[in-house]
Amino acid sequence: MEAKSIIEFKDVNKIYDNGTVGLKDINLTVQPGEFLVVVGLSGAGKSTLMRTINQMHRPSSGSVLVDGVEVTDLKGRALRELRRKVGMIFQNFNLVKRTTVEHNVLSGKISYYPTWKSLLNLYTKADKLQAAEALDRVNLLEKLYMRADQLSGGQQQRVAIARTLMQDPKIILADEPIASLDPLTTRAVMNDLKKLNQEDGITVVVNLHSVPLALEYADRIVGMRAGQLVYDEPINRVTESDLNAIYQSV
Amino acid sequence: MEKSPELEIKKGYYDRYGWLVWALIILVVYGWALKGLKLSGIQASAGSVSKSILAGIFHPDWAYVYNGSGEDLVSLILQTLAIAFLGTIISAFISVPFAFWAARGGHEKWRLRSGSGKLVLTLIRTFPEIVLAIMFIKAVGPGSYAGVLAVSVHSVGMLGKLFSEAIENMDNGAEEAIVSVGGNASQVFMLATLPTIMPEFISYTLYRFEIAVRSATILGMVGAGGIGTPMLFAIQTRNWPRVGIILLGIVIMVLMIDSLSGQLRKKLV
Amino acid sequence: MDITTKMPHQSWGQKYHIKTLSLVLLTVGLVLLSAQVSGVDLAMFFTNIDQFTNLLVRMSHPDWAYVTIIWQPILETLQMAIIGTTIGTLFAVPFAFLAASNIVKNSWLHGLVRFFLDLVRTLPDLLLAAIFVAVFGIGSTAGVVTLAIFSFGMISKLFYEVIETIDDGPIEAMESVGANKLQVVHMAVLPQVLNPFISYFLYTLEINVRASTVLGYLGAGGIGVYLQRSLNEFDYSQTAAIIIMTLVVVLVINVLSDYLRERLV
């Protein structure tokens, strides 16, 4: 059975204004429900690759299809609707720190609301209940009304995961989600991502630095170096020495 | 530690004799400043006047503190605070667009926008506040209103600069997150930019308020309301007990405002 | 299972943002009160707007010939600022050391010194100028003394904050070999604080150049005397020439001082 791909890169290039090459001739297809881990040195283009999926970065040439839709020329409303179905998690959690956990989780739904309603916290009862359920799934319901900056790093990252759950996403992009966390909370966050992948069938793309974690959680591992894809294997064919080779400097 | 003789020579004349050049420059500058300045204008009565000022400060005119006329110390101190407070609040609102104008963005190529904004803020900052006050007195007549206008305009120079630096150094993570969930431009600004930057804006506004309280005390000297007017009058009529009580009032007011605002600012960060 | 039964209790105050709301209301109340006390009336500004624009129009035609006359007093202003700042700094250095908690361990003593410095800093420059004109008479002496006291208050605070951030290692090393207080300051503290001291001195000089241009308004010498004269005679084209010239001088001094301070870092 040949499933329709959920993300597809065709000959994608990205050159920054200052001349730096971000991505070079990227061709990559991701199947629905995959847990894809992207490895490589910092500056290899992992973040750029991820951000072209939800068009936080525009590629210079080539095409990117998300769920069968060409996204590189989306603008305005259509672009925001694409981002609505792609959740994103960041290295530094990126919560609005001085507001409550509830507000932060609900902000996953703001593309459905006009600005003034989101500002006055006029979310529907159903959305507020969904926010509570999302928090419950990451075991943080008791923190609902606390301020985000009172939480530990790992808790903040799980609030960020709850925020993406509000989007009912088909895809979750996680950009170095554990780089600012200690080993114990790292596991909690990675387990949460794996749970969403397995229970809800959400496609997950994670950028990671850690080879052991990549081997443990991935279905498939992709390696990048200097903006190019240099490695692409399903997990049962990956060896640790392959991965170490990706980290060798050129 | 050994140094090879070649290295010693390569150090060059500048490093060895540079300090001499600086010493010479400093000597010339001070020579010029001391020679040009005519400090001879000390009047004969300086000693006796200082004595009467000190006597006045130690025997302040307590009756002036409050007499219900609205022209007493307490009323005028409150008026001074009102000028500073209202002026600072208005200025904070005006400063926000200026700050976004002057803040360097990531993608700006020639920095024309931010550069011109920074220049305008420098010009505002350098324009003397009392001249502004005098100009506004022409428009609205002497009194506190002119003072409020002068503080509102002058403070933009400094607040705009501080705000723009806060914007430049802001962590834009929250903005990135709101963009990633599909928020529109106004949602990014209202839900991410403002909440992130607000505490710093408020803290700088409080700091500027401390400075505005000081300037509001002197604006009255040119007729722009507050405690400055009776202060200058008391000095000119040599009513030293009156000067003493006003000085005391100003010192207490400034100390109280500084410590209050300092505590609030500590809570914010 | 129903999620609402598991949700934490939200207090009444949290739900309606009582804290934020009352702070906003307090601020609005103070604004309204201040507006009333200071007699702010938007309409009045606009009824007299023609007077204001008339003034701006006259200021937009600066009297360039006047520049030759005001050149000398502008230089005098600069001289006042340099001498005043230097005198203030010389007095500030010992007080800065007395106020630094890592030099003077007696908290009672450095607290007292700090309170004295706080007192000095409460007085605005123009107020000091008015008093010193009464003491010394009209002329630049009053201006220099004003600037000296003003910079004393500012520099001593900036300096003691620098002293408090220095590395304790060298101090302990000197103390361990039996050096006395003065030797410690000379050998371990001064080398660490010299560059920031010079940098803050230049910064204060910058501020004093700006401040000194208006001191003459009350008779304390320099360009401010001419500023007051032109304003009293309603000769706004001269006022404009003075303001533009002082702007130029202040900007030049800022650029120079910024350049020097960057080299010091």
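Residues numbered from 1 in each chain as written. Chains lettered and ligands numbered in written order. Predicted model: local features only at pLDDT ≥ 70, side-chain atom pairs only at ≥ 80, totals over all residues. Heavy atoms only, no water.

Asks: Got a minute to help me understand the UniProt feature "transmembrane region" (unreviewed entry) in chain C in this structure?
Replies: Residue and element names in this part refer to chain C. The UniProt record annotates "transmembrane region" (unreviewed entry) at residues 81-104, 125-150, 184-202, 209-227 and 239-260. Along residues 81-104 the backbone is 79% helical and 0% strand, and the end-to-end C-alpha distance reaches 31 Å. Regarding residues 209-227, the helix share stands at 58% and the strand share at 0%, and the terminal C-alpha atoms are separated by 15 Å. (UniProt positions renumbered as here; feature names shortened; annotations may be inferred. Helix = DSSP H or I, 4+ residues; strand = E, 2+ residues; numbered from the N terminus.)

Asks: What exactly am I supposed to notice about the packing of aromatic side chains here?
Replies: Aromatic ring pairs are reported here in terms of the distance separating the ring centres and the angle at which the planes meet. Residue and element names in this part refer to chain C. Counting across every chain of the model gives 12 aromatic pairs over all chains. Consider the rings of phenylalanine 159 and phenylalanine 197, whose centres lie 3.6 Å apart with planes at 5 degrees: the pair is stacked. Here phenylalanine 159 is found in helix α8 (residues 140-164), whereas its partner phenylalanine 197 is found in helix α10 (residues 181-215), with 38 residues between them in sequence. An identical accessibility class is assigned to phenylalanine 159 and phenylalanine 197; each is buried. Through pairs of rings, three or more aromatic residues link up here, namely Phe95, Phe116 and Phe152. (Phe/Tyr/Trp six-rings, centres within 6.5 Å; stacked < 30°, edge-to-face > 60°. Buried < 20%, exposed > 50% of the residue type's maximum accessible area, 1.4 Å probe, protein only.)

Asks: Explanation requested: the interface of chain C and chain A in the structure shown.
Replies: Where interface size is given, it is often the accessible area lost as the parts come together that is meant. The interface of chain C with chain A comprises nine residues on the first partner and nine residues on the second. The largest contributions to the chain C side of the interface with chain A come from Ile3, Met7 and Pro8 of chain C, which together make up 58% of the buried area. Along the contact surface separating chain C from chain A lie zero salt bridges. Where chain C meets chain A, there are zero residue pairs in polar contact (both at pLDDT 80 or more). A class-by-class count of the residues in the side of chain C that touches chain A yields three nonpolar, five polar and one charged. (Contact = heavy atoms within 4.5 Å. Buried area = accessible area lost by both parts, 1.4 Å probe. Salt bridge = Lys/Arg side-chain N within 4 Å of Asp/Glu carboxyl O. Polar contact = N/O pair within 3.5 Å; in protein donor to acceptor, adjacent residues only side chain to side chain. Nonpolar A, V, L, I, M, F, W, Y, C, P; charged D, E, K, R; others polar.)

Asks: It is not clear to me how helix α8 (residues 173-180) of chain B should be interpreted in this structure. Could you clarify?
Replies: Since the α-helix advances by 3.6 residues per turn, residues separated by three or four positions end up pointing in the same direction. Looking only at α8 of chain B, the buried set comprises Gly173, Ala174, Ala177, Ile178 and Ser180 of chain B. Along the long axis of α8 of chain B, the arc covered by the buried residues comes to 160 degrees, so they all point the same way. Those residues of α8 of chain B that are buried lie in contact with α2 (76-84), β6 (86-89) and α6 (153-166) of chain A together with α9 (185-219) of chain B. (Arc of directions from axis to C-beta.)

Asks: Honestly, the interface of chain B and chain C in this entry has me stumped. Any pointers?
Replies: Counting from both sides, the interface comprises 58 residues of chain B and, opposite them, 62 residues of chain C. Taking both sides of the interface into account, the surface hidden between chain B and chain C amounts to around 5,200 Å²; carbon and sulfur atoms contribute 78%. Joining chain B to chain C, the criterion identifies zero salt bridges. Summed over the shared surface of chain B and chain C, the result is five residue pairs in polar contact (both at pLDDT 80 or more). Looking at side-chain class alone, the side of chain B that touches chain C contains 44 nonpolar, nine polar and five charged residues.

Asks: Help me out: how do you make sense of a negative patch on the surface in this one?
Replies: Residues and elements named next belong to chain C. Taken together, the side chains of Asp167, Asp168, Glu172 and Glu175 make up a negatively charged region of the molecular surface. Considering the arrangement of structural elements, one finds glutamate 172 in helix α9 (residues 169-176). Here glutamate 172 falls in the exposed class, since its relative accessible area comes to 51%. (Patch = residues over 30% accessible without salt bridge, like charges linked within 9 Å, V, L, I, M, F, W, Y side chains within 5 Å. Areas by Shrake-Rupley, 256 points an atom, 1.4 Å probe, with all protein chains shown as cover. Lys, Arg positive; Asp, Glu negative; His and termini not counted. Charge placed at Lys NZ, Arg CZ, Asp CG, Glu CD.)

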